[in-house]
Amino acid sequence: MAEVKEVPGSSTRDETALDQPWNVVVHNDPVNLMVYVTMVFRKVFGFSREKAESHMLEVHHKGRSIVWSGARERAELYVQQLHSHLLLATIERSGS
Amino acid sequence: MEFYRISDNRLGLREIPPLLAGLMRQIPGPFEQDGRAVEERLFPKPSQDPGEEGLREDWKAHVEPELHAFFLSARQVVEADLRGFKEEEGGFALDIPAGHAESWLNALNQARISLAAQHHLHEAELSQPGPMAILDERDLAKFQIHFYAALQQWLVETLDVS
């Protein structure tokens, strides 16, 4: 049986990259209150209190938290909702 | 100053000292919203990826105007509620429809973010207790940010239990 060798730069890699989901990332900022950020996460994503607080603490301690991953269009909508609540949020390709 | 719940549909503040009533009247602004630092914080970019210039252009053209309108609407709700200030013995009093709490939270956040950006207040300064003395506009901005935070905290906790 012939060994299959990976060809550098082959299209397989590009297709995999296209299939990768998009992350919604919330970044730390000095103004938003912790209770407010938790409330927004619960409202926008329907998180439980525990999950919302866990993401809020990750933002606070690590500077950022990936709060959602999936299709790009939906990720953009979530970022828009987070901006409407004045949270610092961006989209990024998963694995970037 | 006391926060309390009047009924399921109404929230109240009473015995508000004149200084704090004055600061509450400033919640809808005008704050400096045209300054670059303020605008960049109120309308952040949706992506930090240099390859996403198209998204940033679309965002500026289509999403930012919607956010401008949304923020203005929240400030207008608060401005209308503030016309209900009553002067009573022991200070001022204000009733807020519970359904307006979201607009209040948003307008308070706009005000806090605008003040912090306008006066270049950083995390270390904002994480400290409010200023012990108000000697200049920067101290006043810090005090205002802390006072507005107390109002937000009360609103979030009130919404949380309702």
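Residues numbered from 1 in each chain as written. Chains lettered and ligands numbered in written order. Predicted model: local features only at pLDDT ≥ 70, side-chain atom pairs only at ≥ 80, totals over all residues.

Visitor: With reference to specific residues and values, describe the pairing of strand 2 (residues 10-16) of chain B.
Guide: All names here are of chain B. With four bridges joining them, strand 1 (residues 2-5) and strand 2 adopt antiparallel strand pairing. Bridge pairing links Tyr4 to Gly12 in strand 2. Counted along the chain from strand 1 to the antiparallel partner strand 2, the turn is four residues long. In the sheet, strand 2 pairs with strand 4 (residues 91-97) via five bridges, with the strands oriented antiparallel. (Pairing = 2+ DSSP bridges. Helix = DSSP H or I, 4+ residues; strand = E, 2+ residues; numbered from the N terminus.)

Visitor: So what's going on with the confidence of the model for chain A? Residues and values would help.
Guide: Residues and elements named next belong to chain A. Model confidence for chain A is summarised by a mean pLDDT of 85, while 80% of its residues fall at 70 or above. At the low end of the mean pLDDT range in chain A sits helix 1 (residues 11-19), at 48; at the high end sits strand 2 (residues 64-70), at 98. Taken together, the stretch residues 1-16 has pLDDT below 50 and engages in zero contacts with residues farther than four places along the chain or on a different chain. (pLDDT = per-residue confidence, 0-100. Contact = placed C-beta atoms within 7 Å.)

Visitor: Give a description of the interface of chain A and chain B that names residues and reports values.
Guide: Every contact between the two is made by 17 residues of chain A and, on the other side, 22 residues of chain B. Elements with a contribution of two residues or more to the side of chain A that touches chain B: helix 2 (34-45), helix 4 (72-84) and strand 3 (88-93) of chain A. Counting residues per element, the side of chain A that touches chain B draws most heavily on helix 4 of chain A, at five residues. A per-class count over the side of chain A that touches chain B returns ten nonpolar, five polar and two charged. (Nonpolar A, V, L, I, M, F, W, Y, C, P; charged D, E, K, R; others polar.)

Visitor: Any chance you could break down the packing of helix 2 of chain A against helix 3 (residues 49-62) of chain A for me, citing the residues and the numbers?
Guide: Residues and elements named next belong to chain A. Interhelical geometry of helix 2 versus helix 3 gives an angle of 130 degrees and a closest axis separation of 9 Å. Looking at the two axes, helix 2 sits oblique to helix 3. As helix 2 packs across helix 3, the resulting crossing turns out to be right-handed. Residue-level contacts link Met34, Val37, Thr38, Phe41 and Arg42 of helix 2 to Arg49, Ala52, Glu53, His55, Met56, Val59 and His60 of helix 3. Counted by class, the contact of helix 2 with helix 3 contains six nonpolar, three polar and three charged residues. (Axes fitted to C-alpha atoms, helices over the stretch in contact; angles between N-to-C directions. Parallel < 35°, antiparallel > 145°, perpendicular 65-115°, else oblique. Left-handed = near helix turned anticlockwise from the far one by under 90°.)

Visitor: If you had to explain the nonpolar core to someone new, which residues and values would you point to?
Guide: Soluble globular proteins tend to pack their nonpolar side chains together in the buried interior. Within the largest apolar cluster, 47 residues are counted, with the highest numbers of intra-cluster contacts made by Val24(A), Val40(A) and Leu108(B). No other element matches the nine residues that helix 4 (residues 101-118) of chain B contributes to this core. What Val40(A) contacts, discounting residues up to four positions off in sequence, is Leu82(A), His85(A) and Leu87(A). (Core = buried A, V, L, I, M, F, W, Y, C linked by C-beta atoms within 7 Å. Buried ≥ 20, exposed ≤ 12 C-beta atoms within 10 Å, placed from the backbone.)

Visitor: Quick one: what's the story with the environment of Val156(B), residue by residue and with numbers?
Guide: As for its placement among the helices and strands, Val156(B) is situated in helix 6 (residues 137-161). Since 19 C-beta atoms lie within 10 Å of it, Val156(B) is described here as partly exposed. Through-space distance from the C-alpha of Val156(B) to that of Ala101(B) is 8.5 Å; in sequence the pair is 55 residues apart. The residues contacting Val156(B), other than those within four sequence positions of it, are Val35(A), Tyr36(A) and Met39(A).

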